[in-house]
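The chain contents come next:
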Amino acid sequence: MGSILAYSGIATKIRAMQSRFLTKEDFHTLISCESVPKAVAFLKTRDGYRELFAQCDESSLHRGDIEQLLSLSKYYDFSKLYRFANVKQRRFLDLYFIHYEIIVLKTCIRSLFAGKPITTNYAAFERFFEAHSDIDIVALSSCSTLNEFLENLTGTRYGPLLSRIASRPGVTLFDYEMQLDLSYFRLIWKSGIKCLDKAEQQILMNSLGTKMDLMNLLWICRAKEFYHMKPETIYALLIPIRYKLKDSQLAALVESADLTEFYSQVRRTFYSRFLPEDARRDTKDLEAMYHQTLGRIHARGAQKNPYSVAVINAYFYYKEMELHKIITAIESIRYGLKPKDIQSIVLGQS
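Residues numbered from 1 in each chain as written. Predicted model: local features only at pLDDT ≥ 70, side-chain atom pairs only at ≥ 80, totals over all residues. Heavy atoms only, no water.

Asker: An account of the overall build of the protein is needed here, citing residue identities and associated values.
Answerer: Secondary structure summary: the protein contains 18 helices and zero strands in total. The C-alpha atoms of the protein give a radius of gyration of 21 Å, which matches the 20 Å a tight globule of 350 residues would have. The C-alpha extent of the protein, read off along each of the three principal axes, is 55 × 50 × 45 Å. When burial is assessed residue by residue, the protein has 49% of its 350 residues classed as buried. Looking at the protein alone, contacts between residues at least 24 apart form 64% of all its contacts between residues at least 6 apart. Counting every atom, the protein has about 17200 Å² of accessible surface; 51% of that belongs to carbon and sulfur. Averaging the coordinates of the 47 positive side-chain charges in the protein and doing the same for the 39 negative ones gives two points 5 Å apart. (Helix = DSSP H or I, 4+ residues; strand = E, 2+ residues; numbered from the N terminus. Rg over C-alpha atoms; globule rule 2.2 N^0.38 Å. Buried < 20%, exposed > 50% of the residue type's maximum accessible area, 1.4 Å probe, protein only. Contact = heavy atoms within 4.5 Å. Areas by Shrake-Rupley, 256 points an atom, 1.4 Å probe, with all protein chains shown as cover. Lys, Arg positive; Asp, Glu negative; His and termini not counted. Charge placed at Lys NZ, Arg CZ, Asp CG, Glu CD.)

Structure (C-alpha cells):
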C-alpha cells in the first residue's frame, strides 16, 4: 500500500484542489443563470475557474471556446499533480494521460469523417502533450483528410492500430472510436496495474474493472433499446475483459429477447445490488446506476486508502464529472431550458 511518506505531498495537494470544486449551491446558482455569458461570469467568481476565465470576455466566448478552456483546466490540474508525484506515481499518471490522447484522437476523427475542418485550437494544449505524449497535437489538428491524419500518427502507439482499421472495407467512425477505447482499456488493465504494488493494484482493478463491466451493460442495453442489434453484432462491441461479470452472465444478457428479460438477467449479477428495485426497463436507470456506482467506488476507495493511488484516481474522476456537469449546464442554458429541467439533468448525474 502506498505509504504516508510517499503520498503525503500529492494527497495534500489533491485536498487543496478538491476544495476548489463547485458546491451544490454553486451548481444551483450556475443553473439559474439566464444566459451563457452570465454563466461564464459566475464561473469567474469561483476559485477553481477564476484564473482560467480571467482574461476572457464572456460576451464573446462561443460554445467551443468555453469547452476548450474547461478542457485546459483538466490539463492544468494534471500538470500540477505531476509535479508533486514521485517516480512510481508518474508512471501511473503517464498511463492515465493516454485517456486524454484518446479523447483528442476521437474528436479529430469525428470532424474528418464529417468532412469538416478540425475546429479545436490545440495549440493551447501543445506544451502538455509535448511533456507527456509522442503525438504532435498541433500537426494532427491541421490535417484536412483522414489519410493525412493517419500519416501524422506514424511512429506513435496509435499508428499501427489505426492503419489496420483503415485497411478494412466499409470501415466506420464507430470502428475507429471503439478500437481506440478498447486499446486504452487493455493497456491500462495490463500495464497500468503492473506499475503498482499489490494493494494498489486491487484498488485500480476495482474502479477500472467495475467501469468496464458497467460499460458493457450499458452498451448491451443501448444496442437492444435503440439499435435492435442481433447478439452476434453486440458481442463484437464489448470490452473483452471481465471483472465481476461472468462469461455465462454476459451471454445471457446479450441473448436476452427484450429489455424486460435483460433487466431480469442484470438482477442475477453482482451489480443487482446497485440497481434500485423500482428501476424502469430502459437505459436511463442503467446510466444512473453507472454514475452512482462509480461515484461510490471512487469515494470509498479514497476514504479507505487516503495515501494511495486511490486519491489520484478519484480526483480525476471527480474533475471530469464536474466539467461534464458544467458543460451540460451551459449547453442547457444556451438552448433555453428551464432551471428545474436543467437541475434534473445536471444534478441527477451525481
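On we go.
Asker: Before we move on, could you go through the pattern of salt bridges and cite the residues and values that matter?
Answerer: By the definition in use, this model includes 16 salt bridges. The closest approach of N and O atoms between Glu 287 and Arg 222, which form a salt bridge, is 2.9 Å. Separated by 65 residues along the polypeptide, Glu 287 in helix α16 (residues 283–304) and Arg 222 in helix α12 (residues 198–227) bring together distant segments of the chain. On the accessibility criterion, Glu 287 (29% relative accessible area) is partly exposed. Three or more residues are tied together by salt bridges with common partners; here these are Arg 63, Glu 67, Glu 331 and Arg 334. (Salt bridge = Lys/Arg side-chain N within 4 Å of Asp/Glu carboxyl O.)

Asker: Could you give an account of the state of the cysteines, with specific residues and numbers?
Answerer: Summed over all chains, the structure comprises zero disulfides. Left unpaired, Cys 33 is separated from the closest cysteine sulfur, that of Cys 56, by 16 Å. (Disulfide = S-S within 2.5 Å.)

Asker: Tell me what's going on with the packing of aromatic side chains, and back it up with residues and numbers.
Answerer: Enumeration according to the criterion identifies 27 aromatic pairs in this entry. Look at Tyr 271 and Phe 274: their rings are 6.3 Å apart centre to centre, the planes differ by 40°, and that puts the pair in the tilted class. According to the relative accessible area criterion, Phe 274 is buried, its value standing at 18%. One Lys or Arg, Lys 74, reaches over the ring of Tyr 75 and ends 6.0 Å from the middle of that ring. Across the ring face of Tyr 243, the terminal group of Lys 244 is positioned such that the distance to the ring centre comes to 5.3 Å. (Phe/Tyr/Trp six-rings, centres within 6.5 Å; stacked < 30°, edge-to-face > 60°. Lys NZ or Arg CZ within 6 Å of the ring centre and 35° of its normal.)

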